[in-house]
Amino acid sequence: MMFISIMIFIVAIALPSINRNISPNLYLRISSLLLLYTGALILNAFYIQSIGSGIGIYSGLFQITLFTQLFDIVIVLTGSVILIAWPLINHKFIDNNLDFNEEGHKILSINNYRIKYSIIVLISTLGSLLLISSSNLITLYLSLELQSFGVYILASLYRHSELAISAGLKYFLLGSLASCIILLGCGLIYSFTGLTNLDSIYSMISVIDNNNILLGFSLGLILIFIGLLFKIAAAPLHNWAPDVYADSATIITTWLTIMPKISIFLIFFEIQTHINLIENINIILELNPLNNNNLSFNNSYFWSKNLLLISSLLSLLIGTILGLAQTKIKRLLAYSTISHVGFILLALAINSEQSIEALIFYIIQYTITNLNTFLIIILFGYIIKNSFKDLIQSIMVEDETGTENDINYISELKGQFFLNPVLSITLTICLFSMAGIPPLIGFFSKQFVLYSAIQNGYYFMSIIAIIVSIISASYYLKIIKILFTKEENISEYSDKELKIINNLNSNSEIEISSTNSFIISTLTLSILLFVLKPSILLNSTTILSLYLFNF
């Protein structure tokens, strides 16, 4: 259905007779409703009993399970919210001394970006949905590339911005390198096993005693893991992320930090879970004195698990330490994301019953908190840039970058509590949740990961994770401090600028749409009030983890 809808969108955009009669905002709304309808169809499929054991479709190229269905719903809901997130703010400037055209080039430029944004988001979402359900090396790679090409285009969507083009080019070149590594790993596995179906490969590896085949599989698996670690910006393969996130428009960064990571984490989880299952089978077989020890596969399991642990350790340290020195808010949040990736990789490497529950819970919490944080920053950008000195500069100097409403530096948020107290408080709640302050949802997600790590004997990683969580709280508190620090540099404006500012403030009307307000309030309440009604989410993650671990 999504594929047909994308084709219809492309035709509608290409035909001038249709394109002229559909507003850019309507494209966003139709795309959002399409994702919501897709989620409703997926939810309806939960009533099919046989899905519990998995259903292979398209000749086994894809497989649908309860696990894939759940996160398909999470992805389409998140994508729908991000599509709505582009603020529909009404700007009305009533000043006879200033000749402002309500249909100026800047507005038209942004609207054109909205049209392209909606269609590319749908393509990238389709790639994410296919990637989660992939059960074949071919479909895994093609789905990953479909998702990746979407985010490459999104990163460079604002083609008149040099920074956006630079970010998109950097993302494309380095992402292509990671894709080549993944393709090389898939090719090695196929050349040594002669199979592309993942279930068949797992079955073959669990019973075969040919060391050459096992070594080839191990090398291919490690290459795939390295490429996927690059895609999620895990250290030490993270260098591209701060630059790309900071140079892209905030609405694009919102997508880059959330959507690709969810699907890649889940395919990571699928592979690691099956590898762990094969290892457990080998441990049982090794109890039989007539069975030859599968040393080659044990080595591959050892290297894949330790690769995740090393990347988790480096992500925790680098994401925290380098984040302390950042002055740009999106770069800081990029390093914060790397730190969160470290926690998720730790749960992924442990791969126990408790860690699976912690992994699912952390991904959902990460999605909610990051999404709400970026939505608030987007709205702050629109409010700040259209209220004070930056508004004067942006409307007097014609700008085609489309990013003139973005907040770049943390200092731009100074004193916003006294001007926008509700948004400031909601941002503070999100930042406290990221820092792991109880009783917010972010605290419980870190607690679950640390509990599973301690239960399985990973004491060193647990200590490091606790220390970096305490240190990382300092750069979240830095943002909060600036929010609650009163602005006192109004004297730097000239008399002419002050006159224009006062005129604009008294005759301008900046209204945030009720949809954006509802989304932010709902996400904030879920972060704030999780402790009052945790059973809905906790019971769901517990049941799903028990199903996955025992299945």
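This is a predicted model, so every value here is computed, not measured.

Let's talk about the overall build of the protein
Per the secondary structure count, the protein includes 22 helices and four strands. Each of the 551 residues in the protein was classed as buried or not, and the buried ones make up 56%. For the protein, the proportion of contacts with a sequence separation of at least 24, taken over those separated by at least 6, is 81%. As displayed, the protein offers around 23400 Å² of accessible surface, 66% of which is attributable to carbon and sulfur atoms.

Quick word on the environment of Q455
Mapped onto the elements, Q455 comes out in helix α18 (residues 441–455). With relative accessibility at 48%, the residue Q455 sits in the partly exposed group. Taking the C-alpha atoms as reference, Q455 lies 9.5 Å from S352; in sequence the two are 103 residues apart.

Considering helix α7 (residues 162–193)
In this model, α7 (32 residues) spans 46 Å end to end at C-alpha, consistent with the 46 Å of a helix rising 1.5 Å per residue. After α7 finishes, the residue G194 shows a positive phi value of roughly 75°.

Some thoughts on the packing of aromatic side chains
Under the counting rule described, the total for this entry stands at 18 aromatic pairs. A centroid spacing of 5.2 Å and a plane angle of 85° characterise the contact between Y152 and Y171, whose relative ring orientation is edge-to-face. Taken together, the residues Y152 in helix α6 (residues 137–155) and Y171 in helix α7 connect sequence positions 19 residues apart. Overall, Y152 belongs to the buried group, its relative accessible area being 5%. Overall, Y171 belongs to the buried group, its relative accessible area being 6%. Between F361 and F530, the ring centres sit 5.4 Å apart and the planes meet at 55°, which makes this aromatic pair tilted. Note that F361 is positioned in helix α14 (residues 353–385) and F530 in the loop between α21 (514–528) and α22 (535–550), a separation of 169 residues in sequence. In this pair, the class of F361 matches that of F530, namely buried. Members of the aromatic cluster, each reached through a chain of ring pairs, are F149, Y152, Y171, F172, F230, W240 and Y245.

Examining the packing of helix α17 (residues 421–435) against helix α19 (residues 459–483)
Contact geometry for α17 and α19: axes closest at 9 Å, N-to-C directions at 170°. The angle between the axes of α17 and α19 places the two elements in the roughly antiparallel class. Here S424, L427, T428, L431, F432, M434 and A435 of α17 lie close against α19, whose contacting residues are S469, A473, Y476, L477, I479, I480 and L483. Of the residues belonging to the contact of α17 with α19, the class tally is 11 nonpolar, three polar and no charged.

Observations concerning a nonpolar patch on the surface
Nonpolar side chains collect at one region of the surface, where F149, L169, F172, L173, L174 and L177 lie side by side and expose about 540 Å² of accessible area between them. The element that contributes the greatest number of residues to the nonpolar patch is α7, accounting for five residues. Residue position: L173 is located in helix α7.

Notes on the nonpolar core
Formed by 155 residues in total, the largest nonpolar core has its most connected members in F71, Y117 and L413. The greatest single-element share of this core, amounting to 21 residues, is contributed by α14.

Comments concerning the side chain of S143
By the element assignment, S143 lies in helix α6. Within the structure, the side chain of S143 is placed 2.7 Å from the backbone oxygen of T139, a separation counted as a polar contact. Leave out the neighbours within four places in its chain, and S143 touches F62, G127, L130, L131 and S134.

Let's talk about the confidence of the model for the protein
Averaged over every residue, the pLDDT of the protein is 80; the share at 70 or more is 80%. No element of the protein has a lower mean pLDDT than strand β3 (residues 90–93), which averages 39, and none a higher one than helix α13 (residues 329–350), which averages 93. For the stretch residues 88–109, pLDDT sits under 50, and the model shows 39 contacts to residues farther than four places along the chain or on other chains. pLDDT under 50 marks residues 389–402. Its contacts with residues more than four places away, or in other chains, come to 31 contacts.

Some thoughts on the pattern of salt bridges
Considering all chains together, one arrives at three salt bridges under this definition. With its nearest N and O atoms 3.9 Å apart, the salt bridge here joins E145 to K231. Taken together, the positions of E145 in helix α6 and K231 in helix α9 (residues 211–231) put the pair 86 residues apart, joining distant regions of the chain. A relative accessible area of 11% places E145 in the buried class. What you see here is one network of salt bridges that share partners, running through K170, D243 and R331.

Observations concerning unusual backbone geometry
Cis geometry is found at the peptide bond from A235 to P236, where omega equals 5°. Position of P236 among the secondary structure elements: in the loop between α9 and α10 (240–247). With omega at 5°, the peptide bond leading from P438 into P439 counts as cis. Structurally, the position occupied by P439 is in the loop between α17 and α18. A positive phi is found at Y58, a non-glycine position, where the angle reads about 55°.

Notes on the packing of α7 against α9
The geometry of α7 relative to α9 is characterised by a closest axis approach of 8 Å and an angle of 160° between their N-to-C directions. Classified by the interaxial angle, the pair formed by α7 and α9 is roughly antiparallel. As α7 packs across α9, the resulting crossing turns out to be left-handed. For the contact of α7 with α9, the residue count by class is 17 nonpolar, eight polar and one charged.

Examining helix α4 (residues 66–84)
Its 19 residues give α4 an end-to-end C-alpha distance of 27 Å, which sits within 8% of 27 Å, the value for a rise of 1.5 Å per residue. For α4, the tally of buried residues reaches 15 of 19 residues, placing the bulk of the element in the interior.

With respect to the side chain of K261
Inspection of the secondary structure puts K261 in helix α11 (residues 250–286). No salt bridge is formed by the buried K261; its nearest oppositely charged neighbour, D243, is found at 14 Å. Beyond its immediate sequence surroundings of up to four residues, K261 is in contact with I232, A233, Y245, L256, T337, V341 and Y366.

Conventions and cut-offs
Residues numbered from 1 in each chain as written. Predicted model: local features only at pLDDT ≥ 70, side-chain atom pairs only at ≥ 80, totals over all residues. Heavy atoms only, no water. Helix = DSSP H or I, 4+ residues; strand = E, 2+ residues; numbered from the N terminus. Buried < 20%, exposed > 50% of the residue type's maximum accessible area, 1.4 Å probe, protein only. Contact = heavy atoms within 4.5 Å. Areas by Shrake-Rupley, 256 points an atom, 1.4 Å probe, with all protein chains shown as cover. Expected span 1.5 Å × (residues − 1). Phe/Tyr/Trp six-rings, centres within 6.5 Å; stacked < 30°, edge-to-face > 60°. Axes fitted to C-alpha atoms, helices over the stretch in contact; angles between N-to-C directions. Parallel < 35°, antiparallel > 145°, perpendicular 65-115°, else oblique. Nonpolar A, V, L, I, M, F, W, Y, C, P; charged D, E, K, R; others polar. Patch = residues over 30% accessible without salt bridge, like charges linked within 9 Å, V, L, I, M, F, W, Y side chains within 5 Å. Salt bridge = Lys/Arg side-chain N within 4 Å of Asp/Glu carboxyl O. Core = buried A, V, L, I, M, F, W, Y, C linked by side-chain atoms within 4.5 Å. Polar contact = N/O pair within 3.5 Å; in protein donor to acceptor, adjacent residues only side chain to side chain. pLDDT = per-residue confidence, 0-100. Left-handed = near helix turned anticlockwise from the far one by under 90°. Lys, Arg positive; Asp, Glu negative; His and termini not counted.

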